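If you want the building blocks of each chain, they are given just below.
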Amino acid sequence: MSDTREVISDARSVVVKIGSSAITSLVGGLDRGRLDRLADAIESRMQAGSSVVVVSSGAVGAGLAPLGLTTRPRDLATKQAAASVGQLALAHAWGTSFARYDRAVGQVLLTADDIARRIQHRNAQRTLDRLRSLGAVPVVNENDTVATAELRFGDNDRLAALVAHLVGAEALILLSDVDGLYDGDPRKGAAHFIPEVTSPEDLDGVVAGSGGALGTGGMASKLSAARLAADSGVPVLLAAASDAARALTTADVGTAFSPRPDRLSARLFWVRHAADTHGALHLDEGAVRAVVDRRRSLLPAGITGTSGNFHAGDVVALVAPDGRTVARGVVAYDVTELDFMIGFSTRSLPADLHRPVVHADDLVRI
Ligand SMILES: Nc1ncnc2c1ncn2[C@@H]1O[C@H](COP(=O)(O)OP(=O)(O)O)[C@@H](O)[C@H]1O
Ligand SMILES: N[C@@H](CCC(=O)OP(=O)(O)O)C(=O)O
(Lines give C-alpha, C1' and ligand atoms only; values in the text may rest on other atoms or scores of the structure.)
(Ligands and ions follow the chains in the order given, each with its own letter.)
Protein backbone atom coordinates (compact mmCIF):
# COMPACT_ATOMS: atom_id res chain seq x y z
CA MET A 1 0.00 0.00 0.00
CA SER A 2 1.28 3.50 -0.82
CA ASP A 3 2.50 5.83 1.94
CA THR A 4 -0.35 8.21 1.16
CA ARG A 5 -2.99 5.53 1.73
CA GLU A 6 -1.31 4.54 4.98
CA VAL A 7 -1.36 8.17 6.18
CA ILE A 8 -5.06 8.43 5.27
CA SER A 9 -5.91 5.19 7.02
CA ASP A 10 -3.95 6.16 10.18
CA ALA A 11 -5.04 9.84 10.31
CA ARG A 12 -6.36 10.85 13.75
CA SER A 13 -8.33 13.76 12.31
CA VAL A 14 -10.29 13.39 9.09
CA VAL A 15 -12.64 15.53 6.99
CA VAL A 16 -15.16 13.48 5.00
CA LYS A 17 -16.97 15.32 2.19
CA ILE A 18 -20.13 13.77 0.78
CA GLY A 19 -21.41 14.95 -2.60
CA SER A 20 -25.06 15.53 -3.49
CA SER A 21 -24.83 12.78 -6.09
CA ALA A 22 -24.01 10.25 -3.34
CA ILE A 23 -26.99 10.93 -1.08
CA THR A 24 -29.73 12.50 -3.20
CA SER A 25 -31.48 11.72 -6.45
CA LEU A 26 -33.78 13.81 -8.61
CA VAL A 27 -36.73 11.47 -8.17
CA GLY A 28 -36.26 10.18 -4.63
CA GLY A 29 -34.66 13.20 -2.92
CA LEU A 30 -32.60 12.38 0.15
CA ASP A 31 -31.65 8.69 0.45
CA ARG A 32 -31.88 7.87 4.19
CA GLY A 33 -30.50 4.34 3.71
CA ARG A 34 -27.29 5.71 2.17
CA LEU A 35 -26.97 8.26 4.94
CA ASP A 36 -27.24 5.46 7.53
CA ARG A 37 -24.50 3.48 5.81
CA LEU A 38 -22.22 6.53 5.69
CA ALA A 39 -22.92 7.24 9.37
CA ASP A 40 -22.03 3.58 10.13
CA ALA A 41 -18.62 3.97 8.44
CA ILE A 42 -17.94 7.33 10.12
CA GLU A 43 -18.96 6.00 13.53
CA SER A 44 -16.55 3.02 13.17
CA ARG A 45 -13.71 5.40 12.37
CA MET A 46 -14.59 7.50 15.41
CA GLN A 47 -14.76 4.37 17.61
CA ALA A 48 -11.24 3.58 16.36
CA GLY A 49 -10.05 6.91 17.78
CA SER A 50 -10.25 9.47 14.95
CA SER A 51 -12.19 12.71 15.06
CA VAL A 52 -14.30 13.29 11.95
CA VAL A 53 -15.78 16.45 10.45
CA VAL A 54 -18.45 15.82 7.80
CA VAL A 55 -18.93 18.28 4.94
CA SER A 56 -22.29 17.33 3.48
CA SER A 57 -23.77 18.62 0.26
CA GLY A 58 -27.32 17.74 -0.64
CA ALA A 59 -29.38 20.66 0.68
CA VAL A 60 -30.49 21.79 -2.78
CA GLY A 61 -31.15 18.17 -3.85
CA ALA A 62 -33.17 17.47 -0.70
CA GLY A 63 -35.25 20.62 -1.14
CA LEU A 64 -36.42 20.01 -4.71
CA ALA A 65 -39.27 17.50 -4.19
CA PRO A 66 -40.89 19.35 -1.25
CA LEU A 67 -41.06 22.45 -3.48
CA GLY A 68 -42.42 20.52 -6.48
CA LEU A 69 -39.23 21.06 -8.54
CA THR A 70 -38.04 18.30 -10.88
CA THR A 71 -34.67 19.68 -12.05
CA ARG A 72 -31.78 21.38 -10.25
CA PRO A 73 -32.56 25.12 -10.48
CA ARG A 74 -30.10 27.37 -12.28
CA ASP A 75 -30.98 30.73 -10.76
CA LEU A 76 -29.53 31.70 -7.40
CA ALA A 77 -32.82 32.60 -5.67
CA THR A 78 -34.52 29.25 -6.40
CA LYS A 79 -31.31 27.39 -5.43
CA GLN A 80 -31.27 29.30 -2.17
CA ALA A 81 -34.96 28.54 -1.52
CA ALA A 82 -34.38 24.83 -2.22
CA ALA A 83 -31.30 24.84 0.01
CA SER A 84 -33.26 26.49 2.80
CA VAL A 85 -35.94 23.77 2.71
CA GLY A 86 -33.44 20.98 2.07
CA GLN A 87 -30.88 21.92 4.73
CA LEU A 88 -33.49 21.35 7.42
CA ALA A 89 -34.18 17.84 6.12
CA LEU A 90 -30.47 17.15 5.61
CA ALA A 91 -29.44 18.16 9.13
CA HIS A 92 -32.36 16.23 10.60
CA ALA A 93 -31.44 13.14 8.58
CA TRP A 94 -27.80 13.24 9.76
CA GLY A 95 -29.04 13.74 13.33
CA THR A 96 -31.30 10.68 13.03
CA SER A 97 -28.58 8.52 11.48
CA PHE A 98 -26.07 9.29 14.24
CA ALA A 99 -28.72 9.11 17.01
CA ARG A 100 -28.64 5.32 16.45
CA TYR A 101 -25.22 5.54 18.12
CA ASP A 102 -26.19 8.18 20.68
CA ARG A 103 -23.87 10.49 18.81
CA ALA A 104 -24.74 14.22 18.71
CA VAL A 105 -24.52 16.18 15.46
CA GLY A 106 -23.77 19.93 15.19
CA GLN A 107 -24.80 21.89 12.12
CA VAL A 108 -22.16 24.39 10.93
CA LEU A 109 -23.06 26.62 7.98
CA LEU A 110 -20.19 28.69 6.55
CA THR A 111 -19.70 31.23 3.80
CA ALA A 112 -16.50 32.05 1.96
CA ASP A 113 -16.27 35.21 4.02
CA ASP A 114 -16.19 33.19 7.23
CA ILE A 115 -13.08 31.40 6.06
CA ALA A 116 -11.48 34.48 4.51
CA ARG A 117 -11.77 36.86 7.44
CA ARG A 118 -9.54 36.08 10.35
CA ILE A 119 -12.05 36.74 13.15
CA GLN A 120 -14.82 34.57 11.72
CA HIS A 121 -12.15 32.03 10.77
CA ARG A 122 -11.12 31.74 14.41
CA ASN A 123 -14.74 31.54 15.57
CA ALA A 124 -15.52 28.72 13.16
CA GLN A 125 -12.31 26.96 14.19
CA ARG A 126 -13.22 27.20 17.88
CA THR A 127 -16.74 25.84 17.35
CA LEU A 128 -15.49 22.92 15.26
CA ASP A 129 -12.78 22.10 17.81
CA ARG A 130 -15.20 22.21 20.73
CA LEU A 131 -17.79 20.06 18.94
CA ARG A 132 -15.08 17.48 18.27
CA SER A 133 -13.74 17.53 21.81
CA LEU A 134 -17.30 16.93 23.05
CA GLY A 135 -17.53 13.86 20.82
CA ALA A 136 -20.09 15.38 18.44
CA VAL A 137 -19.92 15.21 14.64
CA PRO A 138 -19.84 18.65 13.00
CA VAL A 139 -21.86 18.54 9.76
CA VAL A 140 -20.72 21.46 7.62
CA ASN A 141 -22.34 22.91 4.52
CA GLU A 142 -22.15 26.21 2.70
CA ASN A 143 -24.60 28.74 4.12
CA ASP A 144 -26.46 28.77 0.80
CA THR A 145 -29.25 31.13 1.83
CA VAL A 146 -26.95 34.07 2.56
CA ALA A 147 -24.09 33.39 0.16
CA THR A 148 -24.44 35.69 -2.85
CA ALA A 149 -23.06 34.72 -6.25
CA GLU A 150 -19.66 36.33 -5.77
CA LEU A 151 -19.36 35.13 -2.18
CA ARG A 152 -19.97 31.47 -2.97
CA PHE A 153 -17.23 28.91 -2.39
CA GLY A 154 -18.07 27.64 -5.82
CA ASP A 155 -18.47 24.15 -4.50
CA ASN A 156 -18.25 22.03 -1.41
CA ASP A 157 -15.08 20.23 -2.53
CA ARG A 158 -13.25 23.52 -2.05
CA LEU A 159 -15.09 24.17 1.21
CA ALA A 160 -14.02 20.72 2.44
CA ALA A 161 -10.36 21.40 1.59
CA LEU A 162 -10.51 24.75 3.41
CA VAL A 163 -12.17 23.10 6.41
CA ALA A 164 -9.44 20.43 6.41
CA HIS A 165 -6.89 23.24 6.66
CA LEU A 166 -8.98 25.06 9.29
CA VAL A 167 -9.17 22.07 11.65
CA GLY A 168 -5.64 20.83 10.94
CA ALA A 169 -6.97 17.54 9.52
CA GLU A 170 -4.50 14.84 8.51
CA ALA A 171 -6.65 13.50 5.67
CA LEU A 172 -9.49 14.56 3.40
CA ILE A 173 -11.85 11.94 1.96
CA LEU A 174 -14.11 13.01 -0.92
CA LEU A 175 -17.02 10.61 -1.43
CA SER A 176 -18.96 10.85 -4.68
CA ASP A 177 -20.95 8.72 -7.11
CA VAL A 178 -17.78 7.87 -9.05
CA ASP A 179 -15.16 5.44 -7.68
CA GLY A 180 -12.16 7.67 -8.36
CA LEU A 181 -10.37 9.69 -11.02
CA TYR A 182 -10.30 8.59 -14.67
CA ASP A 183 -8.50 10.15 -17.61
CA GLY A 184 -11.93 11.21 -18.93
CA ASP A 185 -15.53 11.24 -17.74
CA PRO A 186 -16.43 7.51 -17.38
CA ARG A 187 -20.08 8.33 -18.16
CA LYS A 188 -19.00 9.36 -21.65
CA GLY A 189 -17.21 6.18 -22.73
CA ALA A 190 -14.16 4.06 -21.99
CA ALA A 191 -11.75 5.77 -19.62
CA HIS A 192 -8.68 4.64 -17.66
CA PHE A 193 -8.66 4.61 -13.88
CA ILE A 194 -5.88 6.57 -12.14
CA PRO A 195 -5.16 5.05 -8.71
CA GLU A 196 -2.45 7.47 -7.52
CA VAL A 197 -1.65 11.13 -8.17
CA THR A 198 1.77 11.99 -6.79
CA SER A 199 2.73 14.98 -8.97
CA PRO A 200 1.03 17.42 -11.35
CA GLU A 201 2.40 15.40 -14.32
CA ASP A 202 0.11 12.51 -13.32
CA LEU A 203 -2.75 14.77 -14.42
CA ASP A 204 -1.36 15.38 -17.92
CA GLY A 205 -4.03 14.42 -20.43
CA VAL A 206 -6.77 14.04 -17.80
CA VAL A 207 -10.08 15.56 -18.90
CA ALA A 208 -11.99 16.64 -15.80
CA GLY A 209 -15.60 16.81 -16.88
CA SER A 210 -18.74 18.30 -15.39
CA GLY A 211 -20.85 16.72 -12.66
CA GLY A 212 -24.12 14.83 -12.71
CA ALA A 213 -27.67 16.21 -12.55
CA LEU A 214 -27.27 17.10 -8.87
CA GLY A 215 -23.54 17.65 -8.44
CA THR A 216 -22.09 21.13 -8.85
CA GLY A 217 -18.41 21.20 -9.68
CA GLY A 218 -17.80 17.85 -11.35
CA MET A 219 -14.28 16.45 -11.45
CA ALA A 220 -12.60 19.83 -12.06
CA SER A 221 -13.64 21.05 -8.62
CA LYS A 222 -12.40 17.84 -7.01
CA LEU A 223 -9.01 18.24 -8.68
CA SER A 224 -8.66 21.83 -7.58
CA ALA A 225 -9.74 20.87 -4.03
CA ALA A 226 -7.13 18.10 -4.06
CA ARG A 227 -4.50 20.64 -5.09
CA LEU A 228 -5.62 23.04 -2.37
CA ALA A 229 -5.40 20.26 0.23
CA ALA A 230 -2.02 19.16 -1.11
CA ASP A 231 -0.75 22.74 -0.67
CA SER A 232 -1.57 22.53 3.02
CA GLY A 233 0.05 19.10 3.36
CA VAL A 234 -3.19 17.10 3.52
CA PRO A 235 -3.49 13.85 1.51
CA VAL A 236 -6.80 13.26 -0.31
CA LEU A 237 -8.72 10.10 -1.14
CA LEU A 238 -11.42 10.31 -3.81
CA ALA A 239 -13.76 7.32 -3.68
CA ALA A 240 -17.33 6.18 -4.17
CA ALA A 241 -19.71 6.73 -1.26
CA SER A 242 -20.74 3.08 -1.67
CA ASP A 243 -17.12 2.19 -0.70
CA ALA A 244 -17.18 4.45 2.39
CA ALA A 245 -16.44 1.62 4.83
CA ARG A 246 -13.21 0.70 3.04
CA ALA A 247 -12.28 4.32 2.30
CA LEU A 248 -12.53 5.09 6.02
CA THR A 249 -10.66 2.03 7.28
CA THR A 250 -7.98 0.65 4.95
CA ALA A 251 -8.19 3.46 2.34
CA ASP A 252 -7.44 0.84 -0.33
CA VAL A 253 -10.07 2.09 -2.79
CA GLY A 254 -10.37 5.12 -5.05
CA THR A 255 -7.67 7.59 -6.11
CA ALA A 256 -5.08 8.78 -3.59
CA PHE A 257 -3.54 12.26 -4.01
CA SER A 258 -0.21 12.83 -2.23
CA PRO A 259 0.40 16.11 -0.44
CA ARG A 260 3.19 18.29 -1.84
CA PRO A 261 6.50 17.74 -0.05
CA ASP A 262 7.25 21.49 0.20
CA ARG A 263 3.93 22.45 1.75
CA LEU A 264 3.14 26.16 1.79
CA SER A 265 3.47 28.01 5.08
CA ALA A 266 0.13 28.86 6.71
CA ARG A 267 0.66 32.46 5.63
CA LEU A 268 1.32 31.69 1.96
CA PHE A 269 -1.50 29.15 1.92
CA TRP A 270 -3.67 32.01 3.09
CA VAL A 271 -2.40 34.33 0.38
CA ARG A 272 -2.92 31.78 -2.41
CA HIS A 273 -6.33 30.59 -1.32
CA ALA A 274 -7.78 33.73 0.33
CA ALA A 275 -11.37 33.65 -0.91
CA ASP A 276 -11.24 37.17 -2.20
CA THR A 277 -8.61 39.49 -3.56
CA HIS A 278 -9.17 43.18 -2.92
CA GLY A 279 -7.82 44.42 -6.23
CA ALA A 280 -5.11 43.90 -8.81
CA LEU A 281 -1.68 45.19 -9.80
CA HIS A 282 -1.02 45.19 -13.54
CA LEU A 283 2.59 44.28 -14.36
CA ASP A 284 4.79 44.86 -17.41
CA GLU A 285 6.67 41.90 -18.96
CA GLY A 286 9.89 42.65 -17.07
CA ALA A 287 8.09 42.61 -13.73
CA VAL A 288 6.34 39.32 -14.61
CA ARG A 289 9.76 37.74 -15.31
CA ALA A 290 11.24 39.15 -12.09
CA VAL A 291 8.38 37.95 -9.94
CA VAL A 292 7.63 34.60 -11.58
CA ASP A 293 11.02 33.37 -12.87
CA ARG A 294 13.50 35.10 -10.60
CA ARG A 295 11.27 35.07 -7.47
CA ARG A 296 11.99 38.75 -6.74
CA SER A 297 9.91 41.29 -4.85
CA LEU A 298 7.62 43.53 -6.92
CA LEU A 299 8.83 47.14 -7.25
CA PRO A 300 6.81 50.19 -8.38
CA ALA A 301 8.78 50.51 -11.64
CA GLY A 302 7.24 47.32 -13.08
CA ILE A 303 3.63 48.25 -12.35
CA THR A 304 1.59 49.82 -15.15
CA GLY A 305 -1.72 50.26 -13.33
CA THR A 306 -3.94 49.25 -10.42
CA SER A 307 -7.57 48.24 -10.08
CA GLY A 308 -9.82 47.85 -7.06
CA ASN A 309 -9.86 49.64 -3.75
CA PHE A 310 -7.26 47.97 -1.55
CA HIS A 311 -5.34 48.89 1.57
CA ALA A 312 -1.89 47.96 2.83
CA GLY A 313 -2.06 44.35 4.11
CA ASP A 314 -4.77 43.21 1.66
CA VAL A 315 -4.28 40.33 -0.75
CA VAL A 316 -4.15 41.45 -4.41
CA ALA A 317 -3.78 39.67 -7.74
CA LEU A 318 -0.68 40.27 -9.86
CA VAL A 319 -1.77 40.38 -13.49
CA ALA A 320 0.40 39.98 -16.61
CA PRO A 321 -0.05 42.20 -19.73
CA ASP A 322 -2.12 39.41 -21.36
CA GLY A 323 -4.61 39.46 -18.46
CA ARG A 324 -3.44 36.24 -16.75
CA THR A 325 -3.17 36.30 -12.96
CA VAL A 326 0.39 35.09 -12.38
CA ALA A 327 0.63 35.50 -8.60
CA ARG A 328 -1.08 36.74 -5.48
CA GLY A 329 0.54 38.75 -2.74
CA VAL A 330 0.09 41.01 0.27
CA VAL A 331 0.39 44.62 -0.89
CA ALA A 332 2.43 47.02 1.27
CA TYR A 333 0.63 50.26 0.28
CA ASP A 334 -2.91 51.63 0.00
CA VAL A 335 -4.11 52.09 -3.59
CA THR A 336 -4.18 55.87 -3.05
CA GLU A 337 -0.44 55.89 -2.21
CA LEU A 338 0.43 53.48 -5.00
CA ASP A 339 -1.22 55.47 -7.74
CA PHE A 340 1.47 58.15 -7.25
CA MET A 341 4.33 55.64 -7.18
CA ILE A 342 3.76 53.30 -10.10
CA GLY A 343 6.26 53.43 -12.92
CA PHE A 344 8.91 55.18 -10.78
CA SER A 345 12.25 53.63 -9.90
CA THR A 346 12.66 53.07 -6.16
CA ARG A 347 15.66 55.46 -6.06
CA SER A 348 13.59 58.39 -7.32
CA LEU A 349 10.99 57.94 -4.53
CA PRO A 350 11.24 59.37 -0.98
CA ALA A 351 12.94 57.07 1.57
CA ASP A 352 9.67 56.13 3.31
CA LEU A 353 8.44 54.57 0.02
CA HIS A 354 11.45 52.32 -0.53
CA ARG A 355 9.95 49.02 0.66
CA PRO A 356 8.77 46.78 -2.20
CA VAL A 357 5.13 46.94 -3.26
CA VAL A 358 4.85 43.17 -2.67
CA HIS A 359 7.75 41.53 -0.83
CA ALA A 360 8.99 38.20 -2.23
CA ASP A 361 8.14 36.51 1.10
CA ASP A 362 4.52 37.68 0.81
CA LEU A 363 4.04 36.48 -2.74
CA VAL A 364 2.86 33.15 -4.14
CA ARG A 365 2.87 32.20 -7.80
CA ILE A 366 -0.31 30.71 -9.27
N1 LIG B 1 -12.10 12.54 -15.31
C2 LIG B 1 -13.13 12.15 -14.57
N3 LIG B 1 -12.99 11.11 -13.67
C4 LIG B 1 -14.03 10.72 -12.90
N5 LIG B 1 -15.25 11.28 -12.93
C6 LIG B 1 -15.47 12.32 -13.76
C7 LIG B 1 -14.42 12.79 -14.63
N8 LIG B 1 -14.92 13.83 -15.35
C9 LIG B 1 -16.20 14.00 -14.97
N10 LIG B 1 -16.56 13.10 -14.01
C11 LIG B 1 -17.90 13.05 -13.42
O12 LIG B 1 -17.90 13.80 -12.20
C13 LIG B 1 -19.02 13.32 -11.44
C14 LIG B 1 -18.81 13.69 -9.97
O15 LIG B 1 -18.94 15.09 -9.83
P16 LIG B 1 -20.24 15.72 -9.13
O17 LIG B 1 -21.47 15.26 -9.83
O18 LIG B 1 -20.00 17.19 -8.99
O19 LIG B 1 -20.17 14.98 -7.72
P20 LIG B 1 -20.50 15.38 -6.23
O21 LIG B 1 -21.97 15.59 -6.14
O22 LIG B 1 -20.03 14.16 -5.48
O23 LIG B 1 -19.69 16.60 -5.89
C24 LIG B 1 -19.07 11.84 -11.69
O25 LIG B 1 -20.39 11.40 -11.74
C26 LIG B 1 -18.34 11.66 -13.01
O27 LIG B 1 -19.16 11.12 -14.03
N1 LIG C 1 -24.36 23.63 -0.71
C2 LIG C 1 -24.90 22.83 -1.81
C3 LIG C 1 -23.84 21.92 -2.36
C4 LIG C 1 -23.04 22.49 -3.45
C5 LIG C 1 -22.05 21.45 -3.98
O6 LIG C 1 -20.87 21.73 -4.08
O7 LIG C 1 -22.55 20.21 -4.30
P8 LIG C 1 -21.65 18.95 -4.72
O9 LIG C 1 -20.95 19.22 -6.01
O10 LIG C 1 -22.63 17.83 -4.84
O11 LIG C 1 -20.65 18.70 -3.62
C12 LIG C 1 -26.02 21.91 -1.30
O13 LIG C 1 -25.99 21.52 -0.13
O14 LIG C 1 -26.85 21.55 -2.11
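Residues numbered from 1 in each chain as written. Chains lettered and ligands numbered in written order. Predicted model: local features only at pLDDT ≥ 70, side-chain atom pairs only at ≥ 80, totals over all residues.

- For the chain, the name recorded in an unreviewed UniProt entry is Glutamate 5-kinase, with Rhodococcus coprophilus as its organism.
- In the Pathway (unreviewed entry) part of its UniProt record, the chain is described as follows: "Amino-acid biosynthesis; L-proline biosynthesis; L-glutamate 5-semialdehyde from L-glutamate: step 1/2."
- What UniProt records for the chain under Function (unreviewed entry) is the sentence "Catalyzes the transfer of a phosphate group to glutamate to form L-glutamate 5-phosphate." (UniProt positions renumbered as here; feature names shortened; annotations may be inferred.)

## Remarks on the nonpolar core
Here's step 1: Residues Val15, Val163, Leu172 and Ile173 are the most contacted members of the largest nonpolar core, which totals 78 residues.
Here's step 2: Once you skip the residues sitting within four places of it in the chain, Val15 turns out to touch Val53, Val55, Ala160, Val163, Ala164, Val167, Ala169 and Leu172.
Here's step 3: Listed in part, the 23 residues of the second largest apolar core include Trp270, Val271, Leu298 and Val316. (Core = buried A, V, L, I, M, F, W, Y, C linked by C-beta atoms within 7 Å. Buried ≥ 20, exposed ≤ 12 C-beta atoms within 10 Å, placed from the backbone. Contact = placed C-beta atoms within 7 Å.)

## What about the pairing of strand β1 (residues 13-18)?
Here's step 1: Extensive coverage of β1 is indicated by the burial of five of its six residues.
Here's step 2: Where β1 meets strand β4 (residues 51-56), six bridges bridge the pair, whose relative direction is parallel. Within β4, the position partnered with Ile18 by the bridge is Ser56.
Here's step 3: For β1 and strand β7 (residues 171-176), the ladder comprises five bridges, and the chain directions are parallel. Within the sheet, the bridge partner assigned to Val15 lies in β7 and is Leu172. (Helix = DSSP H or I, 4+ residues; strand = E, 2+ residues; numbered from the N terminus. Pairing = 2+ DSSP bridges.)

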